[in-house]
Amino acid sequence: MRSPADGSPSLLYLPQLAALTTEFTLEGDEAHYLARVVRARPGERVQATDGLGSRVTLEVIESRPEVRLRRLAFEHCPLTRTLTLAVGVPEGERGDWLIEKAAELGVTRLTPLDCERGAWKGWRPDRLDRIAIAGLRQSLGCHRLVLEPPVPLLDWLGVLPQGGARFEAAPQGATLASCPAPPVGASVVVVGPSSGFSPPERKALSESGFKPLALADARLRTETAALAAAAWWAAADPQAG
């Protein structure tokens, strides 16, 4: 009989991965997930990551009443390219969905932007961190999405590191076909709030080196544009260029 671990994501998120001994007892949410959701059995193997690029294979020694695991193979997944999504506030409750899907697509960092035409409200980091972890688990990735607190657009531009590829989601920009996604290095894509950037904000973005990029023939919602950009970036060949 197949285990549920064979057919569903069974990645554990263990930030303390580097400090674990060869055999250890798992506690808390991840123990509940492994024993009650995945229903892993003794002898089965699962993967775990610290979200910082490390991944280990674990063997289940015992799943009830305690969850006990043994460390086996270890690997490190180097981060050769990054994507920062800087996003104005979407309408309604779509921000949660945006965070989950950005995590699944391997986005490195998500920065919520407070703009003249809209600001993020009710930012709850604990709950949103759980959503990002769920996206990491679904993707079976090694690098967790970093969530930053909301920041005014102009303040963010003032501290943005130099270099890298910079794009602004804009219907009048270059098409995806004429602008291949950067395969290596740092990339930043900025997306306006549901009502768009103001003219002074667009001017500031242009002066900061952001190139307009049309993500579709139609006008997209904020969260749709952000994820279209993330998918465009994620599909690039990291070996190219």
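What you see is a predicted model, and the numbers here were worked out from it, not measured in a lab. (Residues numbered from 1 in each chain as written. Predicted model: local features only at pLDDT ≥ 70, side-chain atom pairs only at ≥ 80, totals over all residues. Heavy atoms only, no water.)

K.L.:
What exactly am I supposed to notice about the overall build of the protein chain here?
P.N.:
On a plain count of helices and strands, the protein chain comes out with six helices and twelve strands. Projected onto its principal axes, the C-alpha coordinates of the protein chain cover approximately 60 × 40 × 35 Å. Within the protein chain, the fraction of its 241 residues that count as buried is 47%. A sequence separation of at least 24 residues applies to 74% of the contacts in the protein chain between residues at least 6 apart. As displayed, the protein chain has an accessible area near 12300 Å², and 53% of this comes from carbon and sulfur atoms. (Helix = DSSP H or I, 4+ residues; strand = E, 2+ residues; numbered from the N terminus. Buried < 20%, exposed > 50% of the residue type's maximum accessible area, 1.4 Å probe, protein only. Contact = heavy atoms within 4.5 Å. Areas by Shrake-Rupley, 256 points an atom, 1.4 Å probe, with all protein chains shown as cover.)

K.L.:
Would you take a moment to explain the environment of leucine 72 for this structure?
P.N.:
Mapped onto the secondary structure, leucine 72 falls in strand S5 (residues 67-76). Here the alpha-carbon distance between leucine 72 and glycine 51, two residues 21 residues apart in the chain, equals 18 Å. In this view, leucine 72 contacts Arg45, Thr57 and Glu59; residues no more than four positions away in its chain are not counted.

K.L.:
Honestly, the sheet that holds strand S3 (residues 45-49) in this entry has me stumped. Any pointers?
P.N.:
Hydrogen bonds between backbone groups are what pair the strands of a sheet, and the pairing can be parallel or antiparallel. Strands sit in the order S1-S3-S4-S5-S2 across an open sheet of five strands; the sheet is mixed. Because the sheet does not close on itself, it has two edges, and the strands there are strand S1 (11-13) and strand S2 (23-26). Across this sheet, the average inter-strand angle for adjacent strands is 40 degrees, counted without regard to direction. When S1 meets S3, the two strands line up parallel, connected through three bridges. When the bridges of S3 are listed, leucine 11 appears paired with glutamine 47. Where helix H1 (residues 28-37) meets the sheet, its contacts fall on S1, S2, S3, strand S4 (54-62) and S5, and the angle it forms with S1 comes to roughly 165 degrees. On top of the sheet, helix H3 (residues 125-139) reaches S1 and S3; it is set at about 150 degrees to S1, its chief contact. (Pairing = 2+ DSSP bridges. Axes fitted to C-alpha atoms, helices over the stretch in contact; angles between N-to-C directions.)

Nothing here speaks to function; it is geometry throughout.
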